[in-house]
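# Observations on chain architecture
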Amino acid sequence: MPEEPKSPTLPPSGEPKSTAGHAPAVPAKPAGPVPIPWDSAMVGKLKGQYGSGIREANTYLGQNYMVVEPSIVSELLQILRDREQFDYCVDVTAVHYPQREKQFDLIWILYSFPRNERIRVKTMIADGERVPSAVPIWATANWLEREVFDMFGIRFDGHPDLKRILLPDGWKGHPLRKDYGIIQQDQEWVQANLGIESGQ
Amino acid sequence: MGAGQPGDRERPINMTDRTITDPKGDDPKTADSTRFLSHLELDQPDKTFLDSNELVINMGPQHPATHGVLRVILKLDGEQVLGTECVIGYLHRGVEKIAEHRTYTMFNPYVDRMDYVAAVSNGLGYCEAVEKLLNIEAPPRARYIRVILTELNRLASHQLWLGTHALDIGAMTPLFYTFRDREEILKIFEKYCGARLTTHAFRIGGCQYETYEGFERDVIKFLDFVPPKIDEYEELLTTNRIWLERTKGVGVISKADAIALGVTGPVLRASGVKWDLRKAQPYAAYSDFDFEVPIGANGDTYDRYSVRMEEMRQSLRIIRQAVEKIPEGPIMAKVPKVMKPPVGEVYHSIEAPKGELGYFIVSDGSTQPYRVRVRPPSFVNLQALDNMVRGALVADVIAVIGTLDIVLGEVDR
Amino acid sequence: MLNYITSYLSSNTTPGQAGNVFWALIYILVVFGGISVAVMAMNWLERKALAHFQIRLGPMRVGPHGLLQPIADAIKLMTKEDIIPAEADKFVFWIAPLIILCASFAVYIVVPFGPTHAITDLNIGILFMLGVSSLSVLGIVMAGWASNSHYPLIGALRSSAQMVSYEVAMGMAVVSAILMTSLHGLGAYGVGAGTSGTGTLSMIGIVQAQQEQHVWFLFKFFPLGFIAFGIFAIAMVAETNRAPFDLPEAESELTAGFHTEYSGLRWSLFMLGEYAAMIAVSSIAVTLWLGGWYRPFPNTLTGETWDLVFSLFPGLTFLALAAIAFVGVRRMPKHPYFRVQTLGLAGFGVVLGVIGLILFVPPVRDRIQDIFWFVAKVAGFMYLYIWYRATFPRYRFDQLMKVGWKVLLPIGIGVLILTAVLGVVL
Amino acid sequence: MQEIAQPGMEPVATTFFFYFLSGITLVSGVFVITRKSPVHSALALILGLLAQAGLYLMLYAPFVAGVQIILYAGGIMVLFLFVIMLVNLERSQKEEQFNKQWLIGLLAAIALGALFVLVYVKGKSLFPYRIAQPIENSNTQQIGVMLYGQYMFAFEIASLLLLVAIIGAVVMAKKRI
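In this text, all values refer to a predicted model and were calculated from it rather than measured experimentally.

It is worth spelling out a nonpolar patch on the surface at this point. Residue and element names in this part refer to chain C. On the surface, a nonpolar cluster with roughly 440 Å² of combined accessible area is contributed by Phe326, Val350, Val354, Ile358, Val361 and Val364. With three residues, the single largest contributor to the nonpolar patch is helix H12 (residues 339-358). Positionally, Val354 belongs in helix H12.

Structure, rendered in structure tokens:
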């Protein structure tokens, strides 16, 4: 089903907001868009199959996503590709939530050519937890997972050649983690290879 | 913090073996010291009478034909390529890390610096993603202006691609023709938003500037000026025997491989997949225009060339329709001075000249995005290089890198 | 001593044949000096024509319309530092460009600018030319090896493999042309039987054969002459590593081929050798197929009036050049900065005009006639070289070899056999 | 040397050129065996062959001289240089160049020289002393007639032999045809 323009529950955008600019009191913000449960034939089948494995399946701003248990992720991805024809893995990426117990959000964005539909599969994993690689399912995941490893330090089991892709090999630290400072650099690597005492 | 040679002191890559055919291959120093090449196993082929050992050649990062700072390690048997390994990251500026320390509007200009050849479409992708996050809609006039400028930018990007691609294969003249015509587009950009390359033409919620007084006249003059010029490029190359010989059947990628490798844009369409985001998931007023999506038959360099040439013509069609039907009205939606998008995440992608350019933005309700992930088409297309080049000759590697139309600013981000 | 000099003036053979050392030396100086000037002019013409092909102006700053650019380049190259790589083989590194230069210039000994205007007339003329031009392969291979680094070696091996394989195709085309000198079949064109029936290898002999047979070999036995000429034209472009076949210097793959490590004057010797080889190979083509120094349509448009008309051509071309120069002067911007340049261009135009007028004087007109036509035809070939370079992309190495061996050679052998059969049968 | 006014080659200072060319041939011959680097000896060999071509010219055999230049200097020597460059020469440079038996070599050379002189002196009558005569019609035609006339059979066998050699080389070099 083509992505419907806007989720129905949102207030109609035409409603005149107060004129922009320096209105004295900012009016009470209309309730922001809220994720609504997403139930489609596919989700029903998957829930039947995995039950609690699929934590939640919602639509937010018209984009369907489901949060899944790490244990069943690779199996689910395989099913999504073979049965549900999601033959194009758009992106594999991660988001770091240091304050949460399961620190990382691992996200696969999939698209199906036959059904012209896009979904996101999310799973939450702790630091150091390993996830089976998606390379056997989609060849494009090779470099995408290497970049996630390079930037976040998440290891993927079964990846043919898991090593850094953007940063030099000997670099220590994973920049996109929240605890990695914006101007921080691997001083030891910089001195060893560039012969300058600091990167700044 | 730039990149340099990998960690250990001793140079891991033996630049080039001392002589071409060292009969006995005295010291296998190429084998152990290249753990960097772990997946390119350096086995000796079955011993023939005149055995030749593999030759590891470094192409780049300062090579005339790699569009930017790309280093390709080629494992050659004589002239034939046995395997390639792309070493990238020389132009890595950490755009995604910077995004987490900038507000939404401050990050807008950074986006132009990624694919500096098609800066306008980068901006369009980002602005639309944030608008979706804020759940606001750009007014119709702004959407039309966005379509016109993005299609002009697609034309300019394809022209630059054609010039450099032909130069790599040896034809010097198209470069000057394409740059002459591209100049007209850059003039329009300069008159509209003051910049030629990294234009920062759009704002979240619409466009910053109303179109300058003679905008429609310039665009229409351009629309009449360019079609015969495109025929000039075709005249030079399309039926040129040597061009056909250098591009037909070179760098072939099958439809299944293309989908499995996640390749998008003209490279995917040349392999026969009729998929264009402007048609599949229309954004920014593309649904109002009719245009065809050109596809190729057997996914070789020549098909990618003809797909892009046809796309140039289709872009002209879109611009003509857009300029004729451009509505009046405001060019900027109501956008709060301090943007605080509600907590949530959104993925929005557009059809950039190179392929599907996607933005995955996570917002935690503050003025700064919590996480911005850019899905770069060149990065994913470059991954298909190894698949397309295995078994080809060195000269074909140059042609295939050219036809993939990669820009290293986008690959490395 | 004086009569030794004047004795030659009346004789109608080339100085080399007449054994007159003094005139032979003068001819050598004139021809080699002329070739060097032609190379400089060719360098300027290539940059300007290539630029105008690509809608840009080319060198404009050094002298009016960049006319002094070649001189500036020459001075720059001479004063540039001449680096010899550390581990390079000094002797071989030093001698390689000289070999190429000697090979390219030795060809001019037998190039016939006129019935008596050639340094000498070896009776194995064409054989000597092919032999000497194949010597330049040695120079290239040595240059590549002496630079002692990887890419020049690969470039050198590639270009020598290319030259060796295209020499074969060239040889086939040349042999079929020589066959035509003796086989003077009546032919469908009613062309009268000509020479005494004995073929000749000597260049002047070939041109005279074309004159007597009243047909250019290009049009003899119609398709065959044309095909042989086509094969030769393609092979000669490959022989000099130019245009679509300039793979050894393919910038995009191997840096700059065999002359990567050379710099300064030594590098300019390579360029001199390349351009000289281009002119030499074109002069072979002109001699063999386009009737050497004879004016076009020597037989169909015969008669006194036509001779007069054609004899005016040299003067007319120089006057036309002078006219172009003056148009350039008028279009020169009026800014004081350009005053010197406009004066220079005007002076150049005047000189050309004067030469044009002198060429109208009858005694000079007759003498200059054959040299002018020969040089005009070679100039046509030069323009073709530049045209190729502007339009054609580069062949891949294996395609280049395929064209050489699988396309040109079979057609060459076919043409050779057909010429022989046709010559005997007709 | 009586003046032979003849369209062929005019003899010009032949004696000087004779000694000059044969001198070059001898010196380059010595260079070939004494040079340390194989490429230098190859160059010396090329020089020697070109000097021989000059000698042929003096014997009024221009065709043979032309063929000498094309085949020897242009073809075979290029092959020599190809092989010399492709084979890794690092080790051969380092090894000791001269083995110790040069004394025996010298003796053998002297014996051979004496043999030549003996044959020349004894068979003086076999070699009639004649001045090289410039031939009437072109030398190429004579050779052509001889080659395709009398020695037709030998010519074909030789070409067959060459064909076999070429095919053999291709079979060896190409891994898969």
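A word on helix H6 (residues 173-193) of chain B. Helical geometry: 3.6 residues make up each α-helical turn, so side chains three or four residues apart lie on a common side. For H6(B), built from 21 residues, the straight-helix expectation of 30 Å at 1.5 Å per residue is met to within 8% by its first-to-last C-alpha distance of 31 Å. Following H6(B) by one or two positions, Gly194(B) adopts a phi angle in the positive range, close to 85°.

All names here are of chain B. Ordered by their spatial adjacency, three strands build an open sheet running S6-S7-S8, and the pairing between neighbours is antiparallel. Looking at strand neighbours, the two that pair on one side only are strand S6 (344-352) and strand S8 (369-375), the edges of this open sheet. For this sheet, the mean inter-axis angle between neighbouring strands, taken without regard to orientation, is 15°. Summarising the sheet, S6 and strand S7 (residues 355-363) pair through nine bridges and their orientation is antiparallel. Across the sheet, the residue bridging to Ala352 is Gly355, located in S7. Lying on the sheet, helix H4 (residues 119-134) is in contact with S6 and S7; it crosses S6 at an angle near 150°.

Here we come to the interface of chain C and chain D. Each partner contributes residues to the interface: chain C has 30 residues there, and chain D has 26 residues. Regarding the contact of chain C and chain D, the summed buried area is about 2,200 Å², with carbon and sulfur atoms giving 83% of it. If you look at where chain C meets chain D, you find zero salt bridges. In this structure, the connection of chain C to chain D is made through zero residue pairs in polar contact (both at pLDDT 80 or more). Looking at the side of chain C that touches chain D, the elements that each hand over two or more residues are helix H2 (15-18), helix H5 (90-106), helix H6 (125-146) and helix H7 (150-182) of chain C. For the side of chain C that touches chain D, the element with the highest residue contribution is H6(C), accounting for 12 residues. Taken together, the residues that form the side of chain C that touches chain D break down as 23 nonpolar, six polar and one charged.

The subject of this paragraph is the packing of helix H5 (residues 140-169) of chain B against helix H12 (residues 301-324) of chain B. Residues and elements named next belong to chain B. One way to put it is that H5 packs onto H12 with a least axis distance of 9 Å and a crossing angle of 155°. Taken together, the axes of H5 and H12 are roughly antiparallel relative to one another. Crossing of H5 against H12: the hand is left-handed. Residues Tyr144, Val147, Ile148, Glu151, Leu152, Arg154, Leu155, His158, Gln159, Trp161, Leu162 and His165 of H5 form the contact with H12, whose participating residues are Thr301, Tyr305, Arg308, Met309, Glu311, Met312, Ser315, Leu316, Ile318, Ile319, Ala322 and Val323.

Now for the environment of Ala41(C). Turning to its location among the elements, Ala41(C) is positioned in helix H3 (residues 21-53). Along the primary structure Ala41(C) and Arg394(C) are separated by 353 residues, whereas in three dimensions their C-alpha atoms are 25 Å apart.

Thresholds, definitions, all that
- Residues numbered from 1 in each chain as written.
- Chains lettered and ligands numbered in written order.
- Predicted model: local features only at pLDDT ≥ 70, side-chain atom pairs only at ≥ 80, totals over all residues.
- Heavy atoms only, no water.
- Patch = residues over 30% accessible without salt bridge, like charges linked within 9 Å, V, L, I, M, F, W, Y side chains within 5 Å.
- Areas by Shrake-Rupley, 256 points an atom, 1.4 Å probe, with all protein chains shown as cover.
- Salt bridge = Lys/Arg side-chain N within 4 Å of Asp/Glu carboxyl O.
- Helix = DSSP H or I, 4+ residues; strand = E, 2+ residues; numbered from the N terminus.
- Expected span 1.5 Å × (residues − 1).
- Pairing = 2+ DSSP bridges.
- Axes fitted to C-alpha atoms, helices over the stretch in contact; angles between N-to-C directions.
- Contact = heavy atoms within 4.5 Å.
- Buried area = accessible area lost by both parts, 1.4 Å probe.
- Polar contact = N/O pair within 3.5 Å; in protein donor to acceptor, adjacent residues only side chain to side chain.
- Nonpolar A, V, L, I, M, F, W, Y, C, P; charged D, E, K, R; others polar.
- Parallel < 35°, antiparallel > 145°, perpendicular 65-115°, else oblique.
- Left-handed = near helix turned anticlockwise from the far one by under 90°.

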